[in-house]
Amino acid sequence: MIRRLAKLPLTPKSRLLIAKFSGLIERDEKQTRKRINLLRTEMFVQDGFEIYELPIIINVACDLKSIFGNADVRDSSNAERSDSGQSSNLSRIDGSSASPSREKLSNESNDSLPVFPSELEFSRILELEHAFREIDSSSAGSAKNPELSGKIAVQHLRKVVDFEKKNRRFKRFMPAFDRDSFILHMLDSVVSGSDSGLIIDALQVLLRDRFNSANNPYKDMLTDQLLIRATSGNFSVDQLISIIKILYAFNDTKYRQAIDYLWIGFVIKQEDISIDQLVSLLKLLKYLARSKNRMQMLLEKKLMEHYEEMSVAQVNDLLNALANNLQSAVALKCASKWAYAHLATASKYDLMEFLENLTTNRYVDATLVEAIEKTLTMKNVKSNDYALMVAVAIYCSTVHLRNGGILNKVVKYLEKHAKNVPVSPFMKMISAFGTLNFKLEKKESIWEIFEIKLKQEFSHLQADAILSTFLSCAYTSKYFPEFMTKILAPEFLQQLDLQIREIESAKSLREQLYLLDTAMSVECSSYLGPLLIRRRDRYYAAMHPKIESALSQIRDELARFANEDEAISERVLVDELSNSQLYLVHAVIHKRAAASAPLSRLDRFSANRRGTTAVLLLLPEHYCWNSTELTGQQAMKVRHLTKLGFRVALLDCRTLLALRERPAEALREYLTRSFRGSRRASSAADLR
């Protein structure tokens with residue numbers, strides 16, 4: 001190191017200071033450093049009926065003196081070293097004792113030194129020299145106070161890192177001292193003290209150190225100390241949260257895996273976890289791997305105890321966290337219970353944010369529905385609160401909540417303020433009604449205002465939004481034939497193509513266009529359609545796996561409902577309807593054709609269509625939430641098949657699944673009731 005000093009562009013004075021500092025480091029390096037050997041392993045932990053395999057650390061002692069040594073001997077030896085270190089530091093400061101480094105440096109002081117290229121660079125080096133002078137003097141003055149020594153060490157560590165960060169081009173001058181020895185010396189002062197917070201501060205400083213790789217012994221030393229002290233309960237909850245963020249920010253697998261060992265620190269401090277910290281910790285669960293389940297159980301237990309103390313901002317923050325890679329049914333249930341007690345006191349803005357977060361999480365339960373209905377009843381909704389009404393409508397549409405008390409609040413709002421509502425929010429509310437098969441009967445004033453706004457703003461609206469809204473209206477048999485010429489115009493179709501950037505989106509919008517054309521052709525007498533060319537080639541129509549399984553379960557029983565001259569075909573498409581997956585008929589009992597092969601398509605010339613039974617199997621998502629009402633799309637499918645002369649038998653997949661464990665007579669009785677209901681519905685349609 002001394003030989004390198006002679007080559008640096010430094011004044012003799014500055015070289016003397018660095019030589020003194022390097023001598024300090026060299027002296028300390030001769031002392032035996034305290035090494036920590038950690039064994040990382042796993043253990044089984046039982047909490048109630050739950051058993052977890054969790055990572056733990058074991059501090060392995062390398063020196064028997066650390067176990068059996070005399071404490072008095074250690075204390076006296078430490079005092080002697082402290083006193084000798086202080087005296088040597090002071091002697092170096094006042095210059096009374098000459099060191100070999102200084103003598104060697106003085107012998108080489110006559111060598112020629114390179115000149116600084118600029119005064120600015122010279123000032124930078126002087127700044128570094130001043131920093132070293134402070135380090136040298138403060139190290140000597142703080143030798144008797146380990147706590148003060150640790151704090152000063154962190155300050156000096158921060159100064160060096162900040163200086164290097166600001167002056168990256170002066171990195172070539174840094175070999176004037178042994179940087180690694182300096183940092184290790186500072187970190188020794190940090191870890192030898194009892195202030196655990198200083199370890200976090202030092203690790204935070206190293207997070208900004210850009211001159212070392214992400215994987216180095218400095219971070220290893222501090223990380224080991226963090227794990228040991230966390231296991232002993234030396235960190236507060238806030239400090240543990242900071243540790244998780246720092247270790248994750250290192251962006252290295254080794255340090256991110258260390259996060260899993262902090263779980264025991266949270267268990268020790270679980271009584272100190274506040275509501276604010278609880279939400280923060282739930283957000284940090286995504287950083288955990290092996291200990292995630294144990295931590296989540298701990299946090300959920302705390303949440304169940306204190307959810308009533310949460311503010312609306314904290315609940316929204318919690319729901320936002322649940323929407324981002326955090327699955328917790330307990331947390332959602334707590335948010336629901338909180339809403340029942342406190343949602344009515346929330347502001348309109350907080351209520352809107354709450355509904356938007358629920359929409360993102362796609363969560364609904366009976367308690368939550370009652371809370372929302374009660375809150376909307378108490379709120380004084382004004383004409384400019386259309387954003388809140390849109391949030392209500394979108395939430396109901398997303399979770400298929402067909403609740404009259406809530407939806408009628410939106411209807412009443414439109415009756416009073418429809419003229420003041422912009423067309424885009426208006427379209428979103430109307431679309432929600434169609435999705436939920438909620439018909440606006442005797443509300444012609446709403447439709448009249450809606451059509452006026454559409455005519456005024458049609459050219460300024462997004463093509464996909466218009467198409468989606470018109471199709472939603474078709475679910476409730478509401479059509480706008482005067483706009484179809486605009487929709488099928490080349491300009492509109494070209495605008496639709498420009499908005500499509502992904503193949504899946506293009507396929508979806510194209511299917512919506514065919515569905516709208518088909519629906520108007522079947523139900524709207526003034527529409528001279530279909531106007532779009534149908535694909536008539538045969539293709540394999542896939543079915544949902546649950547529907548496939550249920551169909552195989554009832555295949556033999558369906559044969560009992562067919563007469564001798566009838567046959568059963570599966571995966572059938574109807575000629576008058578589009579090839580959309582929506583119109584796929586799962587099974588059809590029809591007149592036996594001349595050919596023995598099963599049908600894949602029923603054309604419009606099929607004989608005696610009114611004697612044909614279409615069997616549809618329904619999944620839970622085909623119903624509105626907690627209701628037997630079909631969603632708008634499924635209701636339109638049943639309505640169209642009935643208009644084309646089919647008897648439609650509806651079978652619930654959940655019921656069929658439950659009947660698997662029961663005798664065959666129970667399944668036969670359920671099918672009989674369903675087919676009788678289809679005959680009654682067909683007779684009622686004939687009368688209309």
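Note that this is a predicted model, so its numbers are computed, not measured.

1. Examining the overall build of the protein
For the protein, the count of helices and strands is 31 helices and seven strands. Across the 688 residues that make up the protein, the buried fraction comes to 49%. Across the protein, contacts joining residues at least 24 apart in sequence account for 74% of those joining residues at least 6 apart. Working note: accessible area of the protein is about 34,800 Å², and carbon and sulfur atoms make up 50% of it.

2. Observations concerning the packing of aromatic side chains
A full pass over the atoms with the stated rule returns 14 aromatic pairs. When the centroid spacing of 5.9 Å and the interplanar angle of 65° are considered together, the rings of Phe-450 and Phe-480 count as edge-to-face. Taken together, the residues span a long stretch of sequence, with Phe-450 in helix 23 (residues 444–457) and Phe-480 in the loop between helix 24 (463–475) and helix 25 (484–487) at a distance of 30 residues. For Phe-450, a relative accessible area of 0% gives the class buried. The class of Phe-480 is buried, set by a relative accessible area of 3%. Each member of the aromatic cluster is reached from another via a ring pair, and the members are Phe-426, Trp-447, Phe-450, Phe-458, Phe-470, Phe-480, Phe-483 and Phe-492.

3. So, the pattern of salt bridges
Under the definition given, this model contains 13 salt bridges. When the shortest N-O distance is used, the salt bridge between Lys-254 and Asp-220 registers 2.9 Å. Of the two residues, Lys-254 is situated in helix 12 (residues 253–258) and Asp-220 in helix 10 (residues 217–231); the sequence distance between them amounts to 34 residues. Judged by its relative accessible area of 24%, Asp-220 falls in the partly exposed class. A salt bridge links Glu-557 to Arg-668; its shortest N-O distance comes to 3.1 Å. Of this pair, Glu-557 sits in helix 28 (residues 545–558) while Arg-668 sits in helix 31 (residues 664–687), placing them 111 residues apart in sequence. Judged by its relative accessible area of 10%, Glu-557 is buried. Salt bridges sharing common partners tie together Glu-557, Arg-560 and Arg-668.

4. What about the packing of helix 9 (residues 196–207) against helix 11 (residues 237–249)?
Interhelical geometry of helix 9 versus helix 11 gives an angle of 25° and a closest axis separation of 10 Å. Relative to helix 11, the element helix 9 lies roughly parallel. The two elements helix 9 and helix 11 meet at a crossing, and its hand is left-handed. For the pair helix 9 and helix 11, contact is made by Gly-197, Ile-200, Leu-203, Gln-204 and Leu-207 and by Gln-239, Ser-242, Ile-243, Ile-246, Leu-247 and Ala-249, respectively.

5. Some thoughts on unusual backbone geometry
At Asn-251, a residue that is not glycine, the phi angle is positive and equals roughly 55°. For Asn-251, the position within the fold is in the loop between helix 11 and helix 12. The exposure class of Asn-251 is exposed, given its relative accessible area of 58%. Even without glycine at this site, Asn-626 takes up a positive phi of about 55°. Within the secondary structure, Asn-626 is located in the loop between strand 6 (613–618) and helix 29 (632–643). A relative accessible area of 65% places Asn-626 in the exposed class.

6. Thoughts on the environment of Tyr-287
With respect to the helices, strands and loops of the structure, Tyr-287 is situated in the loop between helix 14 (275–284) and helix 15 (292–306). The exposure class of Tyr-287 is partly exposed, given its relative accessible area of 22%. Along the sequence, Tyr-287 and Lys-245 sit 42 residues apart, while their C-alpha atoms lie 8.8 Å from each other.

7. Some details on helix 8 (residues 179–191)
Over its 13 residues, helix 8 extends 18 Å from the first C-alpha to the last, a length consistent with the 18 Å expected when each residue adds 1.5 Å. Counting buried residues along helix 8, ten of its 13 residues qualify, which places the element largely inside the surrounding structure. Every buried residue of helix 8 is accounted for by Arg-179, Ser-181, Phe-182, Ile-183, His-185, Met-186, Leu-187, Ser-189, Val-190 and Val-191.

8. Description of the packing of helix 20 (residues 386–399) against helix 22 (residues 423–435)
Put simply, helix 20 and helix 22 touch, their axes get as near as 9 Å, and they point 25° apart. Between helix 20 and helix 22, the angle is such that the two are roughly parallel. Taken as a pair, helix 20 and helix 22 cross one another with a handedness that is left-handed. Here Tyr-386, Met-389, Val-390, Ala-393, Ile-394 and Ser-397 of helix 20 come into contact with helix 22, specifically with Pro-425, Lys-428, Met-429, Ala-432 and Thr-435. Taken together, the residues that form the contact of helix 20 with helix 22 break down as eight nonpolar, two polar and one charged.

9. A few points about the pairing of strand 4 (residues 585–591)
Most of strand 4 sits out of view: six of its seven residues are buried. Strand direction decides the pairing type here: strand 3 (residues 566–574) and strand 4, joined by six bridges, are antiparallel. Its bridge partner lying in strand 4, Ser-569 is registered against Val-588. As paired elements, strand 4 and strand 6 share three bridges and run antiparallel to each other. Pairing of Val-588 across the sheet is with Ala-614, part of strand 6.

Thresholds applied
- Residues numbered from 1 in each chain as written.
- Predicted model: local features only at pLDDT ≥ 70, side-chain atom pairs only at ≥ 80, totals over all residues.
- Heavy atoms only, no water.
- Helix = DSSP H or I, 4+ residues; strand = E, 2+ residues; numbered from the N terminus.
- Buried < 20%, exposed > 50% of the residue type's maximum accessible area, 1.4 Å probe, protein only.
- Contact = heavy atoms within 4.5 Å.
- Areas by Shrake-Rupley, 256 points an atom, 1.4 Å probe, with all protein chains shown as cover.
- Phe/Tyr/Trp six-rings, centres within 6.5 Å; stacked < 30°, edge-to-face > 60°.
- Salt bridge = Lys/Arg side-chain N within 4 Å of Asp/Glu carboxyl O.
- Axes fitted to C-alpha atoms, helices over the stretch in contact; angles between N-to-C directions.
- Parallel < 35°, antiparallel > 145°, perpendicular 65-115°, else oblique.
- Left-handed = near helix turned anticlockwise from the far one by under 90°.
- Expected span 1.5 Å × (residues − 1).
- Nonpolar A, V, L, I, M, F, W, Y, C, P; charged D, E, K, R; others polar.
- Pairing = 2+ DSSP bridges.

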